[in-house]
Amino acid sequence: MGLLFESTLLEVLCILLLLCWVFYSNVTQKYSYWRDRGVPHITPKFPFGTMKDIFLGRKHFGEIYDEFYKQFKGERYFGTFSMRKPTFVPRDPELIKNILTKDFHHFSDRLEININKKKDYIHLHLFNMSGPEWKKMRMKLTPTFTSGKMKTMFLLMSKCSEQLKEFVDQEIKYTSVLDVKEALARFTMDIIATCAFGLDINSLTDKDCEFYRIGIKVFQPTTLGIILQTIVSFLPFMGKIISMRMASPDVSEFLTRIVRETVEYREKNNIVRNDFLDLLIRIRQNKSLLDDDEKFNGHSDTEKKKSGGKEGLTIEEITAQSFIFFAAGFETASSTMSFCLYELACNPEIQVKLYQEIKEVLAKHGGKLTYQALQEMPYMDKVINETLRRYASLAILTRLCIEPYKVPDSDLVLEKGQRITIPTYAIHHDPEYYPEPYKFDPERFSAEKVRERHPYVHLPFGEGPRMCIGMRFGLLQTKIGLTEMLSNFEFGLSPETQIPIAIHKRAFVTQPEKPILLSLTKRK
């Protein structure tokens, strides 16, 4: 016998119905948000809002936002819903410029992420930081990515590119088809290992390399992780209760051990290697990061102003900053190079033109790949920019409104806490800016064509103060890898090549769903 009814079962059913009603009300209470404000929007549906296809793994972020984007042609902005949360989506490039740059102080944070700071400290890196903490860390790290630092790291990268050539030379003896994605992933992992952690691993020949295995694991979403993230999306307060870790324990432990051992060894023996970790050690020791020529050019005073309040870095902070270097530099560069080689295989006339430029420039430098040689390849820049347009590493950019903001030339006021999503993929494939958007055409990035477009319709690295701090590093390793591959091998389509390439639907960064298999022949 129940407390209120004759049947205990009836009471249980009533409680369940009440909980379902509370859950439904909680999720749908803001579904009228954009309608009440007169903002054109996608009609939300319980329980996913407008993101059903994303949460069910049917489409990737780029596809779904491209579909939304096309429905609001002529509008400056529109609204969507992620579960229960309304999201503001700007279409107008000038409005995007305001959000990313001009009115940055209103949108200086990315979306808040529930991070277990004690267990998941490796995710307390620059990308996830907000407020004063982000500003201080950005100021500390900015000097590590100057052109002078890139010249130094080029020497470390060039050794990895030689290992890449040797690896492909061996592979071509046994097969005419290469999984370029795996080869370039291992190549970029070798670069990250040597530049960020001071390790010479050569994962190209060591197939069981632990460093590479950990790198792959970072980008493999688990079923449990997807379920927990979905729960937190529905019920944000559950984030603290679940105490969800974004990184698996073995990833955190492995990287922390590598960083701790390397830092302690270098500090004890006064070893200087001029890699990324060495620069972080110098920050830890409160030493200047500027080279003599940079000090001479007047950057010393600027560096002092940018020193921030908190001095030095802890081992945990060094590990976190090394991790974002590890994660961002690994998958993004390898996928960009792989997509590029695929497009060059599909467009042999473009490949021939790029090869001729590489051949002529290297001849001017004695047949050697040098840092200066890479600066003298304008067609290479066009090809890479077009690849980044077609396959931007981040299909969307996110920001958070941290103080009320009146949208220019409108009556709409964005409230504090409002989520912003900039649909990079959709903008990059808008025929208004890029006619025949799915055609691979490097000439879109000729100086004349670039001048004709709004500068904020090409956003592969973001823009403004929160644009990718490692852009120079990413472009440098991409240029090195492509130059090494194209100067020695010709790439073509094989019967095993997937056409068109399918994009991984659950991946955070743009990457192919399946291996990119291309035929290759040795150049004479």
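Calculation notes
Residues numbered from 1 in each chain as written. Predicted model: local features only at pLDDT ≥ 70, side-chain atom pairs only at ≥ 80, totals over all residues. Heavy atoms only, no water. Pairing = 2+ DSSP bridges. Helix = DSSP H or I, 4+ residues; strand = E, 2+ residues; numbered from the N terminus. Axes fitted to C-alpha atoms, helices over the stretch in contact; angles between N-to-C directions. Contact = heavy atoms within 4.5 Å.

### Describing the sheet that holds strand β8 (residues 489-493)
Then comes step 1: Read from one edge to the other, the open sheet built from 3 strands follows the order β3-β9-β8, with strand pairing classed as antiparallel. In this open sheet, the two strands that pair with only one neighbour each are β3 (177-179) and β8. Neighbouring strand axes in the sheet, compared pairwise and without regard to direction, differ in orientation by 45° on average.
Then comes step 2: In the sheet, β3 pairs with strand β9 (residues 517-522) via 3 bridges, with the strands oriented antiparallel. Bridge pairing links Asp-179 to Leu-517 in β9.
Then comes step 3: Against the sheet, helix α8 (residues 180-196) touches β3, β8 and β9, its axis set at about 50° to β3.

### Some points on unusual backbone geometry
Then comes step 1: Geometrically, the link from Phe-46 to Pro-47 is a cis peptide bond, its omega value of 5° lying close to zero.
Then comes step 2: Of note, the bond from Ile-499 into Pro-500 is cis; its omega dihedral lies within 30 degrees of zero at -10°.
Then comes step 3: Its location among the elements puts Pro-500 in the loop between β8 and β9.
Then comes step 4: Here the phi dihedral of Met-83 falls at roughly 60°; this positive angle occurs in a residue that is not glycine.
Then comes step 5: Although it is not a glycine, Asp-409 sits at a positive phi angle of roughly 60°.

Everything listed here is a matter of coordinates, which is why it stays silent on function.
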